[in-house]
Structure formats: structure tokens, C-alpha cells
Amino acid sequence: MKLVFLGPPGAGKGTQAERICKRFGTVHISTGDMLRHEMEMQTPLGKIAAELINDGHLVPDEVVFRMVCERIEKAEHGFLLDGFPRTLSQAHMLATVTDIDFAVNIDVPKDRLINRIVRRRSCPECETVYDLGELPNGEFCKKCGRKLVIRKDDTPETAQERFRVYAERTMPIIRYYEAEGKLLNINGDCSKDDVEKQILAGFGEDMV
Ligand code: AMP
């Protein structure tokens with residue numbers, strides 16, 4: 001299965017991507033996670049990315065595309081792209097190297113998103129995300145034990161810029177995949193289990 005997950009910041013793409021990948025054994029490719037890893041390692045790319053990401057801006061298309069290509073070449077049994085493409089140009093670049101089965105668009109009203117983002121605590125090691133209401137004891141990740149952090153781009157100010165960038169640069173992709181007949185619209189404003197059920201129903205019986 002070859003999937004693209006779309007949605008505004010805080011829509012729950014990462015959480016649902018993890019569930020779907022576990023269920024189908026699909027390779028999870030998150031460009032945000034890859035870039036944050038580069039930042040943590042303080043590589044030359046990580047240093048450039050940090051400035052852009054912390055201000056809510058996008059990393060250049062060619063840079064992200066190169067990272068994605070290296071991963072999808074190795075993913076013989078399918079992949080799930082989480083956070084890529086984020087511009088129409090990235091969607092066109094992707095189409096030159098592979099076809100996808102579905103573009104899953106998880107949507108949530110904006111007033112709910114801000115609340116989700118500012119309540120979010122993330123593991124810098126394995127990227128698991130927690131809501132303030134479900135924090136493990138001592139704020140250490142349940143999976144890998146690292147101390148949870150607030151992502152630098154999860155402030156209300158940066159979140160507003162990320163929404164603006166999303167509306168301007170990423171939303172046109174939704175229409176692109178709709179025209180291709182690949183779009184699955186999902187209501188992300190419900191429980192994690194219900195969102196997952198909608199996604200599975202959207203894949204249809206052939207895929208599940
Ligand atoms: P995410 O974890 O998907 O919310 O991504 C965090 C940040 O990484 C985004 O706000 C962008 O600055 C950057 N980023 C992630 N994916 C892409 C992409 N496909 N194109 C450009 N920038 C990206």
C-alpha cells in the first residue's frame with residue numbers, strides 16, 4: 001500500500017500513521033521526524049532546517065524530496081508518507097517516481113487544533129506524542145523512557161504561522177489528489193479509534 005497523509009498541524013497525522021503502519025506493516029516515512037532527527041544530531045541540514053521549522057516555515061522542496069526518495073526506494077512493500085507532500089510542487093515531484101493508492105486527508109476545525117498543539121508533549125527520541133491529559137508519570141516517554149519536551153514549533157505564535165503556510169501551500173494538494181480520484185476525506189475531530197475506523201473503511205474491503 002502506498003499512502004499519503006495530509007492534514008493541518010495537530011490533526012493527528014502522526015498518531016494515525018503509526019496505527020496504520022503497525023496494522024499493515026507499512027514503512028512510516030515522516031519528513032518532520034526525519035528533519036527533527038537531523039536537528040538533534042546538529043548536522044548541516046539540521047542547522048538550516050532548525051531556523052525554518054522553528055519559525056513555522058517549510059524546508060525547500062528539493063531537500064525534502066531527496067530525503068523521501070532515499071526512503072521509498074528501500075520500502076519494497078509500500079510506504080506511508082506523513083507530512084509529505086506539503087506543496088503542489090512536492091506532489092508533482094512524487095508523481096515522477098511513484099503512484100500512490102490513497103491520499104488520506106484528516107481534517108479538524110482550527111479552534112480545536114490550536115488547543116491540541118499547545119497541549120502536546122513529544123518524545124524527542126521516538127516521536128511519540130502525548131496530550132497533557134494522558135501524560136505518563138514524571139513526563140517520561142512510555143515507549144523509550146526519554147524526557148518529553150514541548151516542540152519549539154508548538155507555540156501558539158508558530159502554530160499560527162504553520163496554519164497560514166498550510167492554507168497557502170498545502171491545501172491546493174487536496175484538490176490535486178481529488179482530481180486524481182485518490183482523496184479520502186476523514187473527520188479528525190473525534191476519538192483516535194473512530195478516526196482509524198474511518199480510514200480503514202475508506203480503504204475498502206480489498207485493502208483491509
Ligand atoms: P511535522 O512534524 O510534519 O509537523 O513537520 C514539522 C516541520 O518540518 C514543518 O512545519 C516544516 O517546517 C518541516 N517539514 C516537514 N515536512 C515537510 C515537507 N514535506 N516540506 C517542507 N517542510 C517540511
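Residues numbered from 1 in each chain as written. Predicted model: local features only at pLDDT ≥ 70, side-chain atom pairs only at ≥ 80, totals over all residues. Heavy atoms only, no water.

K.L.:
Can you break down helix α3 (residues 44–54) residue by residue, with the values?
P.N.:
Residues that lie three or four places apart on an α-helix share one face, since the helix turns once every 3.6 residues. Those residues of α3 that fall on the buried side of the exposure criterion are Gly46, Ala49, Ala50 and Ile53. Viewed along the axis of α3, the buried residues span an arc of 115 degrees, placing them on a single side of the element. Opposite the packed face of α3, turned more than 90 degrees from it, sit the exposed residues Pro44, Lys47, Ile48 and Glu51. Immediately beyond the C-terminal end of α3, within one or two residues, lies glycine 56, with a positive phi of roughly 85 degrees. (Buried < 20%, exposed > 50% of the residue type's maximum accessible area, 1.4 Å probe, protein only. Helix = DSSP H or I, 4+ residues; strand = E, 2+ residues; numbered from the N terminus. Arc of directions from axis to C-beta.)

K.L.:
Quick one: what's the story with the sheet that holds strand β4 (residues 102–107), residue by residue and with numbers?
P.N.:
With respect to topology, 5 strands assemble into an open sheet ordered β2-β3-β1-β4-β7, the strand pairing being parallel. Both edges of this open sheet fall to β2 (27–30) and β7 (183–187), since each of them pairs with a single strand only. Put simply, the sheet's adjacent strands are angled 20 degrees from each other on average, direction ignored. (Pairing = 2+ DSSP bridges. Axes fitted to C-alpha atoms, helices over the stretch in contact; angles between N-to-C directions.)

K.L.:
Lay out the pairing of strand β3 (residues 79–82) with the relevant residues and their values.
P.N.:
Alternating positions in β3 separate into two faces, Phe79 and Leu81 on one and Leu80 and Asp82 on the other, with burial throughout. Looking at chain direction, strand β1 (residues 2–6) and β3 are connected through 4 bridges and run parallel. When the bridges of β3 are listed, valine 4 appears paired with leucine 81. As paired elements, β2 and β3 share 4 bridges and run parallel to each other. Of the residues in β3, the one forming a bridge with valine 27 is phenylalanine 79.

K.L.:
Explain the site of the ligand residue by residue, including any values.
P.N.:
Around the ligand lies a shell of 16 residues, among which Thr31, Arg36, His57, Gly83 and Gln90 are the nearest. Here a nitrogen atom of the ligand and a side-chain polar atom of glutamine 90 are 2.9 Å apart. One of the side-chain nitrogen or oxygen atoms of arginine 151 is found 3.4 Å away from an oxygen atom of the ligand. Taken by itself the ligand offers 480 Å² of open surface, and the protein chains cover 96% of this. Top contributing element to the shell around the ligand by residue count: helix α2 (residues 31–41), with 4 residues. (Near = heavy atom within 4 Å. Polar contact = N/O pair within 3.5 Å; in protein donor to acceptor, adjacent residues only side chain to side chain. Areas by Shrake-Rupley, 256 points an atom, 1.4 Å probe, with all protein chains shown as cover.)

K.L.:
Summarise the environment of valine 118; cite the residues concerned and give the values.
P.N.:
Structurally, valine 118 can be placed in helix α6 (residues 110–118). Classification of valine 118 by relative accessible area gives partly exposed; the value is 31%. On a C-alpha basis, the gap between valine 118 and proline 156 in space is 6.6 Å, while along the polypeptide they are 38 residues apart. Apart from the residues lying within four places of it in its own chain, the contact partners of valine 118 are Asp154 and Pro156. (Contact = heavy atoms within 4.5 Å.)

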